[in-house]
Amino acid sequence: MRSIITIIKEQIKSFYLVRRLSVYELKSANRNHYLGIMWEIINPMIQISIYWFVFGFGIFHSNGRGNVEMGDEWVPYFPWMLSGIVVWFFVNQAITQGSKSIYTRIKMISKMSFPMSVIPTYVIFAKFYQHLMLLGVILVMFQFLGYPINIHYVQLPYFIIATVIFLVTLSLITSTLTTIVRDFQMLITSTVRILIYLSPILWPPYHMQPAIIQTIMKLNPIYYLVEGYRASILGLSWYPIDHWQYTLYFWVVIFILLFIGSILHIKFRDRFVDFL
């Protein structure tokens, strides 16, 4: 528990530094582009168009399944996919960039005096700003897709915060392990590529048989976040309350990740330079 308290204190005390470094990270990433930060919107939109053409127009439409059944509701594929993939772009970039955040900056960090635990955090926050921009654009799109602002938007900030906390706790583990063993970064990259197909983002797994397959898929915390965003944007349900057991499971996973990550990080961070 002492390690957890130490990590939390460092995050709180360095929050102003995290904000400044994350803004700098965001600006520097788009410094040499004529369209600048607009590419953070254009790139996801291009990918969304391709996914919709392949899965929505190609696979599902050709099989006569243009809508997705969610409980008592039938949702057209494009809004269904769009409401879930918006969080995936954030999760995808934050996991891959957060995992290599320490070892790619270790030389610079060794000359500065601030906690190493905030390095993955500010990298994730740089991606978080991009997420907010993309989310804003997509929410505007939903006003023209027949899904206007609804009361369920109230739970959206909860899922946004839950996503950030999940990514920060996960990155404590991955950034430490990739600094120690570089091959772990390749494993993370490969795993993230697979996760988009093992999560309810591009295809609906709600009626898979046997039912145990869907239960196994729900062990993935990203499943909870994607479905939470979807329930909020489409106005389908009060997801954290209606699925309170799943909500409890999610936060238990978060605590376990934080417990393991804080112990690993504090144990090895004084020796990070030795692993260069």
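Nothing here was measured: the structure is a model prediction, and the numbers come from that model.

I tried to follow the overall build of the protein chain on my own but got confused; where do I start?
Counting its regular elements, the protein chain contains 12 helices and two strands. If you list the helices and strands of the protein chain from N to C, you get α-α-α-β-β-α-α-α-α-α-α-α-α-α. The C-alpha radius of gyration of the protein chain comes to 19 Å, within 12% of the 19 Å expected for a compact globule of 276 residues. Each principal axis of the C-alpha atoms in the protein chain carries an extent, and together these give about 60 × 45 × 35 Å.

Explanation requested: the pairing of strand β2 (residues 73–76) in the structure shown.
Within a regular beta strand, the side chains point alternately toward one face of the sheet and then the other, so they alternate between its two faces. Examined bridge by bridge, strand β1 (residues 67–70) and β2 share four bridges and lie antiparallel to one another. Counted as the bridge partner of V68 is V75 from β2. In sequence, β1 turns back onto β2 through a hairpin of two residues, with G71 there showing a positive phi of about 70°.

Whenever I open this one, the nonpolar core confuses me. Can you help?
Most often, soluble globular proteins have nonpolar side chains that are buried together. Counting 76 residues, the largest nonpolar core has I85, W88, F166, L202, Y229 and I233 as the members making the most contacts within it. Looking at this core, the elements that each hand over two or more residues are α3 (39–62), β1, α4 (77–99), α6 (118–143), α7 (156–180), α8 (183–195), α10 (221–234) and α12 (244–268). Of the residues forming this core, the biggest block, 13 residues, is contributed by α4. Once residues within four sequence positions are removed from consideration, I233 is found in contact with S83, V86, L135, L139, F142, Y147, N150, Y153 and L156.

Would you explain empty space enclosed by the protein in this entry?
Over the atoms rolls a probe the size of a water molecule, and in doing so it shows where empty space is left. Under the defined criterion, the tally for this structure stands at one cavity of 30 Å³ or more. Taken as a whole, the largest cavity spans an internal volume of roughly 80 Å³. Taken together, E40, P44, F89, F90, Q93, K127, Q130, H131 and L134 make up the full set of residues lining the largest cavity. Those elements that place two or more of their residues in the lining of the largest cavity are α3, α4 and α6. In terms of residue count, α6 provides more of the lining of the largest cavity than any other element does, four residues in total. Its residues assigned to classes, the lining of the largest cavity comprises four nonpolar, three polar and two charged.

Reading guide: rules and limits
Here, residues in each chain are numbered from 1, in the same order as that chain's written sequence. Thresholds applied to this predicted model are a pLDDT of at least 70 for local features of residues and 80 or more for the giving and counting of side-chain atom pairs; totals over whole chains, interfaces and linings are not thresholded and use all residues. Processing note: side-chain calculations cover all non-hydrogen atoms of the structure and skip hydrogens and water entirely. Secondary structure elements follow DSSP: runs of H or I no shorter than four residues count as helices, runs of E no shorter than two count as strands, and numbering proceeds from the N terminus. Here the globule rule is a power law, 2.2 Å times the number of residues to the power 0.38, and the radius of gyration is based on C-alpha atoms. Two strands are counted as paired when DSSP detects at least two bridges linking them. Only buried residues count toward a nonpolar core. Its members are Ala, Val, Leu, Ile, Met, Phe, Trp, Tyr and Cys residues joined through side-chain atoms within 4.5 Å. Summary of the burial criterion: residues with accessible area below 20% of their type's maximum are buried, those above 50% are exposed, and those between are partly exposed, where the area comes from a 1.4 Å probe applied to protein chains only. In what follows, residue pairs with any heavy atoms lying within 4.5 Å of each other are defined as contacts. Only protein atoms enter the 1 Å grid used here. Points where a 1.4 Å probe fits but cannot escape make up a cavity, open sets with protein on both sides within 12 Å along at least five of seven lines make up a pocket, and a residue lines them when an atom lies within 4 Å of a point. Grid points are joined across faces, edges and corners, and a volume is the space filled by probe spheres set on the points. By the convention adopted, Pro, Cys, Tyr, Trp, Phe, Met, Ile, Leu, Val and Ala count as nonpolar, Lys, Arg, Asp and Glu as charged, and the other residues, Gly among them, as polar.

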